[in-house]
Amino acid sequence: SPSIGISIFPEDGATAEHLIKNADIAMYQAKAGGRDQYRYFTSEMNTLAQRRLTLEHRLRQGLAEGEFLLHYQPEVDLATGRITAVEALVRWNYRGEGEISPAEFIPAAEETGLILPLGEWVLAEACRQIRRWRDAGHASLSVAVNLSGRQFRQKDLAQRIRGILAESGLGADALELEITESSVMENPDRAAVILRELRAAGIDVATDDFGTGYSSLAYLKRFPIGKLKIDRSFVRDITTDKDDAAIVGAIIAMTENLGLRVVAEGVETAEQLAFLRAHGCGYGQGYYFSRPLPAEALDRLLAVDQGRF
Ligand code: C2E
Ligand code: MG
Ligand code: MG
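Every value quoted in this text rests on a predicted model; they were computed, and no experiment measured them.

What follows is about the overall build of the protein. Summing up its helical and strand segments, the protein has 13 helices and 12 strands in all. Against the compact-globule benchmark of 19 Å for 309 residues, the protein has a radius of gyration of 21 Å, which places it among compact chains. Overall size of the protein, expressed as C-alpha extent along the three principal axes, is 70 × 40 × 40 Å. Taking all 309 residues of the protein together, 49% fall into the buried category.

Right under this line is the structure:
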């Protein structure tokens, strides 16, 4: 699956150095287009490349300056009302000016490859935090970390994660990974190998945003995945739209039959919660329980709220 960038003398540059630089920009576009293709250099690419460079520079600086932080959102066992896990969600406090949403910078981090050091930091920080919570008495609390496609494709992923867990003195039961359907489907054969390695290391993997991809059912059977997170877009209207209600009801029934755990994302109201409980949904996450919060704020929720929801 090569990516090839092409620049032509003399239109695209008068020196070898310039030609190679522009070919590199074109190659980058080929990669961004999904690999296995070629692109000729165009001058518009230059503007795009400039913008990417600026963002890349800022991301790099942000990493060096420690501008990233994690918020945590509880996942609640709907049968007991207890918080069983938290999802780590990254935030960027750019130059201390306020938080930038991951929706804005994760794609750029992914494009530039900076997702690898950033993702590694997220994993390590989430593990350090769960260690603190476990030491404070929340002995079975675990943390879910989102993995980007690029991280998921790393050859030595399972090994790296084992190393990170060991550094915090944690077993594999402390960590769960969330991946999207599209990062699995980009290369299903390779994904199957990686997922088996993770499973062998005892690390549970959840499918995030379930229902928004296109491949859902086939790979649930084929891949060792322990958990499904039903995308917020289906949960939103379960009490008003009978199609969404039917879809969510069916997903819950299906996961039960397949022996998977199921989490409803984006639970915002008591009515949605009642629907999910009535249909036997195992877990819920959403503003109804709590927004994503800094660790200290979650401390309080963990201390007083066990069993409240
Ligand atoms: P996600 O993994 O599906 O995370 C859930 C998103 O839904 C979070 O947005 C969360 O704040 C939001 N949310 C939770 N409950 C509710 C609710 O009741 N209502 C509404 N309207 N929204 C709710 P956030 O934090 O902005 O993250 C967006 C996405 O960015 C995440 O979606 C995830 O795909 C990605 N992301 C976040 N952190 C990381 C990270 O460390 N690494 C990677 N690769 N991706 C990350
Ligand atoms: Mg997630
Ligand atoms: Mg999600």
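Alright, that's what it looks like, and here's the rest.
Next up on the list: the coordination of the magnesium ion (ligand 3). Those protein atoms acting as donors to the magnesium ion (ligand 3) are Asp208 (OD), Asp209 (OD), Glu265 (OE) and Glu265 (OE), and they sit at 1.9 to 2.7 Å. When the donor residues of the magnesium ion (ligand 3) are listed from N- to C-terminus, their spacing reads D-D-x55-E. Separating the magnesium ion (ligand 3) from the magnesium ion (ligand 2) is a gap of 4.2 Å, which aspartate 208 spans by donating to each of them.

Our next topic: the site of ligand 1. Around ligand 1, a shell composed of 22 residues is seen, among which Arg91, Asp208, Arg232, Glu268 and Tyr287 lie nearest. Interatomic distance of 3.2 Å between a backbone N/O atom of valine 90 and a nitrogen atom of ligand 1. Burial of ligand 1 by the protein amounts to 82% of the accessible area it has alone, namely 800 Å². Broken down by secondary-structure element, the contributors of at least two residues to the shell around ligand 1 are β4 (82-93), α3 (102-112) and β8 (204-210). A per-element tally of the shell around ligand 1 places β4 first, with 4 residues. Classifying every residue of the shell around ligand 1 by side-chain character gives 9 nonpolar, 5 polar and 8 charged.

Rules of the game
Residues numbered from 1 in each chain as written. Chains lettered and ligands numbered in written order. Predicted model: local features only at pLDDT ≥ 70, side-chain atom pairs only at ≥ 80, totals over all residues. Heavy atoms only, no water. Helix = DSSP H or I, 4+ residues; strand = E, 2+ residues; numbered from the N terminus. Rg over C-alpha atoms; globule rule 2.2 N^0.38 Å. Buried < 20%, exposed > 50% of the residue type's maximum accessible area, 1.4 Å probe, protein only. Donors = N, O, S within 2.8 Å, 3.2 Å for Na, K, Ca; no water. Near = heavy atom within 4 Å. Polar contact = N/O pair within 3.5 Å; in protein donor to acceptor, adjacent residues only side chain to side chain. Areas by Shrake-Rupley, 256 points an atom, 1.4 Å probe, with all protein chains shown as cover. Nonpolar A, V, L, I, M, F, W, Y, C, P; charged D, E, K, R; others polar.

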